[in-house]
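Letter by letter, the chains look like this.
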Amino acid sequence: MANKRLRAADKRHKAALILARGGSKGIPLKNIKTLAGIPLIGWVLRAAVDSELFDSVWVSTDHDEIEKVARSWGAKIHLSPTSLDTIQEFLRLNPEVDIVCNIQATSPCLHPFHLKEAMEYISDHGYDSVFSVVRRHHFRWQEKTDELTRPLNLDPYNRPRRQDWDGELCENGSFYFTTAELINKGRLLQGGKVTYYEMGAEYSVDIDVDIDWPVAEQRVLRYGYFGRDSPEVVKLMFCNISGCLTEGRIFLSASSGDMISINTRDTAGIRMLKKDGVEVFLLSSCLNPVAQTLLENVSKHLECEVLCVGEKPAKDIEPLIKERTLSWKDVAYMGNDEVDVDCLNMAGLSAVPSDAPVVAINGAKYICKSRGGKGAVREFAEHIRLQKRKAKSQLEQDRIDLASS
């Protein structure tokens, strides 16, 4: 709804345009080759359509098969070779377009939120062009001259550690938002009042440049956008507050009140699951009566019920599962200690933070890369959605095959 209001507030016609030529030096018809069960171009088309930003979504191509696949994903077709000249020709033939977003077909980890947030620079802040970048930590050296080279972005005498260096911003090619006026008058995708939108490295997959197909599939299965309507796999999630949602520490204020710190990425992960229809319960031992008010505040903030559990959490959880006529296979469980092992073993999906003890790690089906209180809950939430995507993948491919036949 927020994006529909944004589009209504900005009356300019916004079009997404994906350039997808048929020829490829490396992989024939790469743009429609199946990647994790979906044609490569389908990943960015889904993100563009689901963003609800655009008045029209187009694919410019010179190949009949690409045209068929693009149409099956709801795109309009502009028949033409692919280049900046193509974009100018597209704008000449579609004079109603005021803002064009050139999206790269080979960026399968693009999400709607990337497009929404980048568009705000133009609609809310008056920029003329916005392009996507990723932060890289690569030390660069000059090509050799007279058998010698020299550093371009570091001092070898004071070589920085990665954590002490902000790195450099590099174009990742995922998308370029530009006003039609800028393209028509200056033949520019980046100009006027220009800024960048920084994407996380995990989303900056460029199959053209730095990744091969099997590796790309694994990256997409983990970080790709799987759509708004995913089949249900998990219906209940139980997550320990201490050690999972938090670092397992309680801070005491000067007024003797208890405080805990919760990572915003983790809260976003919980809200993401709830939006997907997963009922989330937070678990606490509730041994400290002083902490009751604190738990109530956590419950209110996340809009999740806090369930007090004993030394065997499974006994407290099972009545909730039965009340909903579910089984343990419908449950996702996140724990971080020995008392959680039974639940970790029985749950359909289970996870522990990276800093959990070995006994808990051995019982989990998924081990997060993040530590407790440092994004582990968000990571597990994304993993849950990944499983939904796997269940849907074959159905999606059947739909594409039918539409292309």
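Given the structure is predicted, the values throughout are model-derived calculations rather than measurements.

Turning our attention to the overall build of the chain. Assigned secondary structure in the chain consists of 14 helices and 17 strands. Burial status across the chain gives 50% buried among its 405 residues. Here the contacts in the chain between residues at least 6 apart in sequence split such that 68% fall between residues at least 24 apart. Of the roughly 20200 Å² of accessible surface on the chain, a fraction of 50% belongs to carbon and sulfur atoms.

Reading across from one edge, S14-S13-S10-S15-S16-S17 is the order of the six strands in this open sheet, with parallel pairing throughout. Strands with a single pairing partner mark the edges of an open sheet, and in this sheet they are strand S14 (305–308) and strand S17 (366–367). Here five bridges tie strand S10 (residues 236–240) to strand S13 (residues 279–284), and the two strands are oriented parallel to one another. By the bridge assignment for S13, Met237 is matched with Val280.

So, on to the packing of aromatic side chains. Between two aromatic rings, the relevant description is the distance of the centres plus the angle of the planes. Under the defined criterion, the tally for this structure stands at nine aromatic pairs. Ring centres 5.0 Å apart and planes at 20° place the aromatic pair Phe139 and Trp165 in the stacked group. In this pair, Phe139 is assigned in the loop between strand S7 (129–136) and strand S8 (168–179) and Trp165 in the loop between S7 and S8, connecting sequence segments 26 residues apart. Residue classification places Phe139 among the partly exposed positions, given a relative accessible area of 24%. Measuring from centroid to centroid gives 5.5 Å for Phe238 and Phe281, while their planes differ by 20°, and the two rings are stacked.

Right, let's talk about the confidence of the model for the chain for a bit. Predicted coordinates in areas of low pLDDT are best not read in detail. With 84% of its residues at a pLDDT of at least 70, the chain reaches an overall mean of 84. Low pLDDT, under 50, characterises residues 252–256; the stretch is placed with four contacts to residues that sit more than four places away or in other chains.

Topologically, Cys109 is positioned in the loop between strand S6 (97–104) and helix H5 (112–123). Taking the relative accessible area as the measure of exposure, Cys109 reaches 0% and is therefore buried. Put simply, Cys109 and Tyr203 are 94 residues apart on the chain and 5.0 Å apart in space, counted from C-alpha to C-alpha.

Once that is clear, we can look at the packing of helix H2 (residues 40–51) against H5. Remark: H2 packs on H5, axes separated minimally by 8 Å, with the N-to-C direction vectors making an angle of 55°. Classified by the angle between their axes, H2 and H5 sit oblique to one another. With respect to the hand of their crossing, H2 and H5 are arranged in right-handed fashion. Along the contact surface, H2 presents Ala47, Ala48, Asp50 and Ser51, while H5 presents Pro112, Leu115 and Lys116. Across the contact of H2 with H5, the residue classes tally to four nonpolar, one polar and two charged.

A few words on helix H3 (residues 64–72). Of all the positions in H3, only Ile66, Glu67, Val69, Ala70 and Ser72 are classed as buried. Where H3 ends, the next residue or the one after it, Gly74, has phi of about 90°, a positive value.

Glycine aside, negative phi is the norm for most residues, and most peptide bonds take the trans geometry. Unlike most non-glycine residues, Glu303 shows phi in positive territory, near 55°. Looking at the element boundaries, Glu303 is found in the loop between helix H10 (292–302) and S14. One non-glycine residue, Thr325, lies in positive phi territory at about 50°. Considering the arrangement of structural elements, one finds Thr325 in the loop between helix H11 (313–323) and strand S15 (331–334).

Reading the values: the criteria
- Residues numbered from 1 in each chain as written.
- Predicted model: local features only at pLDDT ≥ 70, side-chain atom pairs only at ≥ 80, totals over all residues.
- Heavy atoms only, no water.
- Helix = DSSP H or I, 4+ residues; strand = E, 2+ residues; numbered from the N terminus.
- Buried < 20%, exposed > 50% of the residue type's maximum accessible area, 1.4 Å probe, protein only.
- Contact = heavy atoms within 4.5 Å.
- Areas by Shrake-Rupley, 256 points an atom, 1.4 Å probe, with all protein chains shown as cover.
- Pairing = 2+ DSSP bridges.
- Phe/Tyr/Trp six-rings, centres within 6.5 Å; stacked < 30°, edge-to-face > 60°.
- pLDDT = per-residue confidence, 0-100.
- Axes fitted to C-alpha atoms, helices over the stretch in contact; angles between N-to-C directions.
- Parallel < 35°, antiparallel > 145°, perpendicular 65-115°, else oblique.
- Left-handed = near helix turned anticlockwise from the far one by under 90°.
- Nonpolar A, V, L, I, M, F, W, Y, C, P; charged D, E, K, R; others polar.

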